There are 2 protein chains.
Amino acid sequence: MKIVILGADGYLGWPTVLYFSNKGYDVIAVDNYLKRQITEDIGVSSLTPTPFLENRAKAWKEASAKTIEVRIGDVCDYNFLSDLIRTEQPDAIIHYAEQPSAPYSMMGHKEAALTLQNNLMSTLNIAYAIHEFAPNCHIVKLGTMGEYGTPNIDIEEGWLEVEHNGRKDNFLFPRQASSLYHTTKIQDTDLLWFYVRTWQLKVTDLMQGPVYGTFTDETSLNPFLAPSFFYDEVFGTVVNRFVVQSVCEYPLTVYGSGTQTRGYLDIRNTLDCLGLAVEFPPSVGELRIFNQITETFSVKEIAEKVKQVGKLFDLDVKIKSIENPRTEKESHYYNPKYTGLINLGLKPRLMSDENLAKMFVTAMKYKDRINQNVIFKGIKWN
Amino acid sequence: MKIVILGADGYLGWPTVLYFSNKGYDVIAVDNYLKRQITEDIGVSSLTPTPFLENRAKAWKEASAKTIEVRIGDVCDYNFLSDLIRTEQPDAIIHYAEQPSAPYSMMGHKEAALTLQNNLMSTLNIAYAIHEFAPNCHIVKLGTMGEYGTPNIDIEEGWLEVEHNGRKDNFLFPRQASSLYHTTKIQDTDLLWFYVRTWQLKVTDLMQGPVYGTFTDETSLNPFLAPSFFYDEVFGTVVNRFVVQSVCEYPLTVYGSGTQTRGYLDIRNTLDCLGLAVEFPPSVGELRIFNQITETFSVKEIAEKVKQVGKLFDLDVKIKSIENPRTEKESHYYNPKYTGLINLGLKPRLMSDENLAKMFVTAMKYKDRINQNVIFKGIKWN
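To keep things clear, this report deals only with the structure shown in the data block. Everything numeric in this text was worked out from a predicted model, so none of it was measured.

Conventions and cut-offs
- Residues numbered from 1 in each chain as written.
- Chains lettered and ligands numbered in written order.
- Predicted model: local features only at pLDDT ≥ 70, side-chain atom pairs only at ≥ 80, totals over all residues.
- Heavy atoms only, no water.
- Least-squares fit on C-alpha atoms with pLDDT ≥ 70 in both.
- Contact = heavy atoms within 4.5 Å.
- Helix = DSSP H or I, 4+ residues; strand = E, 2+ residues; numbered from the N terminus.
- Buried area = accessible area lost by both parts, 1.4 Å probe.
- Nonpolar A, V, L, I, M, F, W, Y, C, P; charged D, E, K, R; others polar.
- Phe/Tyr/Trp six-rings, centres within 6.5 Å; stacked < 30°, edge-to-face > 60°.
- Buried < 20%, exposed > 50% of the residue type's maximum accessible area, 1.4 Å probe, protein only.
- Lys NZ or Arg CZ within 6 Å of the ring centre and 35° of its normal.
- Core = buried A, V, L, I, M, F, W, Y, C linked by side-chain atoms within 4.5 Å.
- Pairing = 2+ DSSP bridges.
- Axes fitted to C-alpha atoms, helices over the stretch in contact; angles between N-to-C directions.
- Salt bridge = Lys/Arg side-chain N within 4 Å of Asp/Glu carboxyl O.
- Disulfide = S-S within 2.5 Å.
- Expected span 1.5 Å × (residues − 1).
- Parallel < 35°, antiparallel > 145°, perpendicular 65-115°, else oblique.
- Left-handed = near helix turned anticlockwise from the far one by under 90°.

### Remarks on the relation of the copies chain B and chain A
Both copies of the chain are placed relative to one another by a rotation about an axis and a shift along it.
Stage number 1. Once chain B is rotated about the relating axis by 180 degrees and shifted along it by 0.0 Å, it coincides with chain A to within an RMSD of 0.0 Å. A rotation of that kind, with that shift, is consistent with a two-fold axis. Within chain B, the C-alpha atom positioned nearest to the axis of rotation is that of Gln187(B), 2.7 Å from it.
Stage number 2. The residues that chain B uses at the interface reappear at the interface of chain A in 100% of cases, marking a shared surface.

This is how it looks when you write it as structure tokens:
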């Protein structure tokens, strides 16, 4: 099995490369280092050292004797992508090649335009290249639970049967997001759903919640293999940020009441989900959607959990509520369904004190590299 | 009242410019002539002569003594657009500045990328420029009934209350379109709906059906003021195409069974709808959606109507069914609601033999300019 991973340099991209390589897949790791440019531009960086892909691939070769092919190029460049697909004929392609930060997409016009352009053009190019040059290839795209927002009804996995004036039809589940980034993911889904119907593509869209974690089975083999670990307001996900804030004794920043509830998952479960999606592909002409989370928490609950684990390290973690910079409902109904991946065999790894403690160990190891100035930048969404 | 009309050189853009100018608005007509480039590239042209905007504005000045300001520039260039909005402070902005052809968007990767890029970046730029420089300005965007596709339930005007597992919420009406062009209009609506909620913009989204007609009250004053009149497979709308095909004795090309049903409207009603939308703006923070059609027909019914009118001109019009190049349902439920604009005061002008006859007169006047080779180009959508 040959698999192409786009956005292979990212927080999830790199561990995904190792996961599939370890399983014996031929892996082609693709990135244009856009996120490195963006993070450099806004002055933030990963807590863990993150060598360039070529050097990480060498470290993996030494650790595992397995080879990863690295290609540096832009998925928004159709010549580059279509040449790759035509010559490599992958069985599956995983699409992480998007600008992944909601706060970044809300900083200003330049950042909004980059997010819209990059996220939609990459998805269009993938649909086209697969249709033209490898029509049997399975496209796995990362969506986000944020596409659904916080509706006042149960969130199904992607689809909803609607009854209206005595007649019925099946539709994509209604989606309205609270950032431009999340809106581009809604638009991505619309784009792929259109081409699935038109060209009979095989697509899996994984509606993922915020991921946390600083290691996977494969990345633990060598410090050079570590995932990136952003802890700033723009690129850090909430659990990862809170762990670093605890270690450097910066109060945990809870937006507003902290009652905003979301579904979360361990980075190792992200890999399990990708593995299951690739192992069990959808049918021809099917857009298959899974909700990729394992449990739900409010932000306040997460802050409390991190604070408790901090005590094990003799850290007196403070929690501080700040004015909510986002336009979002703080108190809301939230009942997402997430049985599809469990039915395929996913074993949820819940958020345990032990796992959080391991994240603390990583953060403490690199404590000298923490830059407190990037933790809160005060980006207003409205 | 000052109004900016983007895409002012188009089939609807130019008559809209004249309509508002005639009503006494200060009109700024903006275009980058992208459609002229595209139509030249694929070798099609308007049956009516269409002078450049500056010359049309001169002809209008002679006919009406009214001045139209013309600005040539690209709405996708944020510096151009934001300078315009900042300095002019319009009360309303009408957004026609999109690649408007569904078949064009399905021709190949280059055309798809242009459509996606142009239609979304223009809409993003408008939302941003209005938010930053003229937050009270009313944005009127042209959507399309094609966003809804052909669902098996009644089509409401933009919104739907959904009940699910005993709970309720209100959502954008489910949308799934049958071309990339129509999909970009779905994505446009998502983009504007996001920024309406985030920035409290005032937006009207007009879900328009295929428009027909070759004249309006204002364009009839002088032949230089005529709307463009495309009759080719790519840029011609169906009624306009059928009239030209009749005049040059080319059989009317009905795709498949011809039972595809859509909502239609007279170009003069398009202007009435725009006028009402601008006169009665939505509230701050409201995305108001109207379905902009006046009656529904199947393609077969339209072909029959045109054939009957052809007899008045001694034309023996043939109707020919050809293999459907599109991926679409031919037999489907179709029950769209369209009372919102009528409640504001719209007087529907239905498709009469008299109106169709006037279109025949226009087509016959320019009969020597008809190029039969462009009527059917055989673009396959799948």
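Read on for the rest.
### Here we look at the environment of Met145(B)
Stage number 1. Within the secondary structure, Met145(B) is located in the loop between strand S5 (138-144) and strand S6 (159-164).
Stage number 2. It is 12 Å that separates the C-alpha atoms of Met145(B) and Asn335(B), two residues lying 190 residues apart in sequence.

### Some points on the interface of chain B and chain A
Stage number 1. With 48 residues of chain B at the interface, the matching set in chain A holds 48 residues.
Stage number 2. For the pairing of chain B and chain A, the buried interface totals around 4,500 Å² over both sides, and the portion due to carbon and sulfur atoms is 63%.
Stage number 3. Listed by contribution, the elements that provide at least two residues to the side of chain B that touches chain A are helix H6 (109-133), S6, strand S7 (167-172) and helix H7 (180-199) of chain B.
Stage number 4. In terms of residue count, H7(B) provides more of the side of chain B that touches chain A than any other element does, 12 residues in total.
Stage number 5. By residue class, the composition of the side of chain B that touches chain A is 25 nonpolar, 15 polar and 8 charged.

### Remarks on the environment of Ser82(A)
All names here are of chain A.
Stage number 1. Note on placement: serine 82 falls in helix H4 (residues 78-88).
Stage number 2. With 189 residues separating them along the chain, serine 82 and leucine 271 place their C-alpha atoms 26 Å apart.
Stage number 3. In this structure serine 82 touches Ala129 and Phe133, once residues within four positions along its chain are discounted.

### A word on the packing of aromatic side chains
Stage number 1. This model, assessed by the stated rule, comprises 28 aromatic pairs over all chains.
Stage number 2. Taken together, a centroid distance of 5.9 Å and an interplanar angle of 75 degrees make the contact between Tyr128(B) and Tyr195(B) edge-to-face. Residue Tyr128(B) is located in helix H6, and its partner Tyr195(B) is located in helix H7; the two are separated by 67 residues in the primary sequence.
Stage number 3. You can call Tyr128(B) buried: its relative accessible area is 4%.
Stage number 4. Look at Tyr148(B) and Phe173(B): their rings are 5.4 Å apart centre to centre, the planes differ by 85 degrees, and that puts the pair in the edge-to-face class. Taken together, the positions of Tyr148(B) in the loop between S5 and S6 and Phe173(B) in the loop between S7 and H7 put the pair 25 residues apart, joining distant regions of the chain. Of the two residues examined, Tyr148(B) and Phe173(B), each falls in the buried class.
Stage number 5. Here the aromatic residues Tyr78(A), Tyr128(A), Phe194(A), Tyr195(A) and Trp199(A) are joined through ring pairs into a cluster of three or more.
Stage number 6. Sitting over the face of the ring of Tyr333(B), Arg167(A) holds its NZ or CZ atom 3.5 Å from the ring centroid.
Stage number 7. Geometry around Trp193(A) places Arg197(A) over its ring, the cationic atom sitting 4.7 Å from the centre.

### Focus: unusual backbone geometry
All names here are of chain B.
Stage number 1. Of note in this structure, asparagine 165 is not a glycine but carries a positive phi near 50 degrees.
Stage number 2. On the secondary structure map, asparagine 165 appears in the loop between S6 and S7.
Stage number 3. Of note in this structure, glutamate 249 is not a glycine but carries a positive phi near 55 degrees.
Stage number 4. On the secondary structure map, glutamate 249 appears in the loop between helix H8 (238-247) and strand S10 (252-255).
Stage number 5. For glutamate 249, a relative accessible area of 57% corresponds to the exposed category.

### Focus: the nonpolar core
Stage number 1. In this structure, Leu124(A), Tyr195(A), Leu124(B) and Tyr195(B) are the most contacted members of the largest nonpolar core, which totals 191 residues.
Stage number 2. Not counting the four nearest positions on each side in its chain, Tyr195(B) is found in contact with Ala112(A), Leu180(A), Leu124(B), Ala127(B), Tyr128(B), Gln200(B) and Leu201(B).

### Considering the sheet that holds strand S11 (residues 261-266) of chain A
Residues and elements named next belong to chain A.
Stage number 1. Across the sheet, 3 strands lie side by side as S9-S11-S13; this open sheet has mixed pairing. The open sheet has two edge strands, strand S9 (211-212) and strand S13 (295-298), and neither has a second partner.
Stage number 2. As judged from the 2 bridges shared by S9 and S11, these two strands associate in the parallel manner. Note on S11: the bridge partner recorded for tyrosine 212 is aspartate 266.
Stage number 3. Where helix H10 (residues 299-312) meets the sheet, it contacts S11 and S13, and its direction lies at approximately 90 degrees from that of S13.

### Section: the pattern of salt bridges
Stage number 1. Evaluated as defined, the whole model comprises 38 salt bridges over all chains.
Stage number 2. A salt bridge links Arg175(A) to Glu147(A), with the nearest nitrogen and oxygen atoms 3.7 Å apart. Taken together, the positions of Arg175(A) in the loop between strand S7 (167-172) and helix H7 (180-199) and Glu147(A) in the loop between strand S5 (138-144) and strand S6 (159-164) put the pair 28 residues apart, joining distant regions of the chain. Neither residue differs from the other here; Arg175(A) and Glu147(A) are each classed as buried.
Stage number 3. Put simply, Glu88(B) and Lys2(B) hold a salt bridge, and the shortest N to O gap is 2.7 Å. Within this pair, whereas Glu88(B) is found in helix H4 (residues 78-88), its partner Lys2(B) is found in strand S1 (residues 2-6), the two being separated by 86 residues in sequence.
Stage number 4. On the basis of relative accessible area, Glu88(B) is assigned to the buried category, the value being 12%.
Stage number 5. The exposure class assigned to Lys2(B) is partly exposed, which follows from its relative accessible area of 22%.

### Section: the state of the cysteines
Residues and elements named next belong to chain A.
Stage number 1. Applying the stated rule across the entire model yields 0 disulfides over all chains.
Stage number 2. Summary of cysteine pairing: cysteine 137 is not part of a disulfide, and the nearest cysteine sulfur, belonging to cysteine 76, is at 18 Å.
Stage number 3. You can call cysteine 137 buried: its relative accessible area is 2%.

### Here's the deal with helix H12 (residues 353-365) of chain B
Stage number 1. Taking 1.5 Å per residue as the helical rise, H12(B) with its 13 residues ought to reach 18 Å, and the 18 Å between its terminal C-alpha atoms agrees with that figure.
Stage number 2. Taken residue by residue, H12(B) has Asn355(B), Leu356(B), Ala357(B), Met359(B), Phe360(B), Thr362(B) and Ala363(B) as its buried positions.

### Comments concerning the packing of H10(A) against helix H12 (residues 353-365) of chain A
Residue and element names in this part refer to chain A.
Stage number 1. Here H10 crosses H12 at 70 degrees, and the two axes come no closer than 10 Å. One element, H10, and the other, H12, form an angle in the roughly perpendicular class. Our pair here, H10 against H12, has a crossing hand that is right-handed. Across from Lys305, Val306, Val309 and Gly310 in H10, the residues of H12 making contact are Asp353, Leu356, Ala357 and Phe360.
Stage number 2. Along the lines of polarity and charge, the residues of the contact of H10 with H12 split into 5 nonpolar, 1 polar and 2 charged.

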